[in-house]
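Chain by chain, the residues run as shown.
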Amino acid sequence: MRHHKLALCEEHYLEWFQNQTERAIRKYRMFGRDDRVLVAVSGGKDSLSLWDVLLRLGYQADGLYINLGIDGGLGYSALSFQKIETFLTDRPETRLHVVDVVAEYGESVPQTARRKLRGRGKPCSVCGLIKRHEMNRIAQEHGYDVLATGHNLDDEVAVLLSNVLHWQVGYLARQAPVLQEREGLARKVKPFCRFYEREVAAYALIQGIDYIYDECPYVEGSTTLFYKGLLNRLEANSPGSKLQFYLSFLRARKDGLFSEQMEQVELHPCPVCGQPTSVPGPCAFCRLWNQQPATSNQ
Ligand code: AMP
Ligand code: FES
Ligand code: ZN
């Protein structure tokens, strides 16, 4: 690891990785041993490694898999689920929640996106909206204290670059390792936000975690992937720059660079699903299905 000026053998790498995760959890005050954590697992290396580490560290961590119905049959979603089932065969006492979007809402994510976007553009924004809604719903319904995702440093830095390029100060104010709980919104944490993607991949490999190698088919050609490529070139030229970019941003954020934007927008419960929304009327998720609040006859 050139950026850390550190080289470790397999045994000490596993130890280092777990210690670093614990340190991040404490540093950002993400959760404690008494908290019930819901880990959003996609079947990829990041979320499965996160779940593995949290269980090894003795946290109460259950999983949530959202079947998005991508590429039916034995396509991306079905293969992802297979990897999670394999993960669970070695950990039979662990609990997994599964949300099947097709069974729940009658269409797959690509179908919803095609209908909503009239065939133009990728389904990723609709997919993100559905995932966020469902993660929050399950966390709330089952009374979890915190929702954890597997976002790594490469993910965070790509989002950061995009937000900076477009000066999305509102988004910058909300980009953090921890998002505090608010009325109806679960606390959200990203314990792997300081790990390079390669570091997580190395952990999964050494620990023998079987994960889905392929990315979602819609990632190809995305702007995020392009930004990741640019950042890889920067990192190759100057090791440590991704980490420095991210940590300097967090410091500036903590020092109040976005304090004005940090003022919380007012939220109110969606009249259809009850989840918080900043817009009047049904939330963006319910509007996907043109859901209207039930009208009263009185
Ligand atoms: P992505 O948006 O695909 O980069 O994924 C970021 C994080 O979201 C992953 O590390 C998981 O924690 C979570 N996630 C992504 N897809 C799913 C899914 N289908 N079910 C549950 N969690 C997911
Ligand atoms: Fe949602 Fe790719 S994972 S569109
Ligand atoms: Zn709603």
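Use the structure listed above.
Residues numbered from 1 in each chain as written. Chains lettered and ligands numbered in written order. Predicted model: local features only at pLDDT ≥ 70, side-chain atom pairs only at ≥ 80, totals over all residues. Heavy atoms only, no water.

Caption draft 1: Quick peek at the coordination of the zinc ion (ligand 3). Taken together, the protein ligands of the zinc ion (ligand 3) are Cys-270 (SG), Cys-273 (SG), Cys-283 (SG) and Cys-286 (SG), with distances of 2.3 to 2.4 Å. Given 4 donor atoms and angles of 107 to 112° at the metal, the environment of the zinc ion (ligand 3) is assigned as tetrahedral. (Donors = N, O, S within 2.8 Å, 3.2 Å for Na, K, Ca; no water. Tetrahedral: all angles 85-135°; square planar, octahedral: opposite > 155°, others 65-115°.)

Caption draft 2: Quick peek at unusual backbone geometry. A positive phi is found at Lys-5, a non-glycine position, where the angle reads about 50°. In this fold, Lys-5 is placed in the segment before helix H1 (10–27). Look at Lys-5 and you get exposed, because its relative accessible area is 77%. Positive phi values are uncommon outside glycine, yet Arg-29 reaches one of about 45°. Along the chain, the position of Arg-29 falls in the loop between H1 and strand E1 (36–40). (Helix = DSSP H or I, 4+ residues; strand = E, 2+ residues; numbered from the N terminus. Buried < 20%, exposed > 50% of the residue type's maximum accessible area, 1.4 Å probe, protein only.)

Caption draft 3: Structural detail: the packing of H1 against helix H9 (residues 197–207). Closest axis-to-axis distance for the H1/H9 pair is 10 Å, and the angle between their directions is 125°. The angle between H1 and H9 places the two elements in the oblique class. Remark: the crossing between H1 and H9 carries left-handed chirality. Residue-level contacts link Glu-10, Tyr-13, Leu-14, Trp-16, Phe-17 and Gln-18 of H1 to Glu-199, Val-200, Ala-202, Tyr-203, Ile-206 and Gln-207 of H9. (Axes fitted to C-alpha atoms, helices over the stretch in contact; angles between N-to-C directions. Parallel < 35°, antiparallel > 145°, perpendicular 65-115°, else oblique. Left-handed = near helix turned anticlockwise from the far one by under 90°. Contact = heavy atoms within 4.5 Å.)

Caption draft 4: Geometry of the packing of H1 against helix H2 (residues 45–56). The N-to-C vectors of H1 and H2 enclose an angle of 85°; their axes lie 10 Å apart at closest approach. Here H2 runs roughly perpendicular to H1, going by the angle between their axes. Residues Phe-17, Gln-18, Thr-21 and Ile-25 of H1 touch H2, and the partners they reach there are Val-53, Leu-54 and Arg-56. Grouping the constituent residues of the contact of H1 with H2 by class yields 4 nonpolar, 2 polar and 1 charged. (Nonpolar A, V, L, I, M, F, W, Y, C, P; charged D, E, K, R; others polar.)

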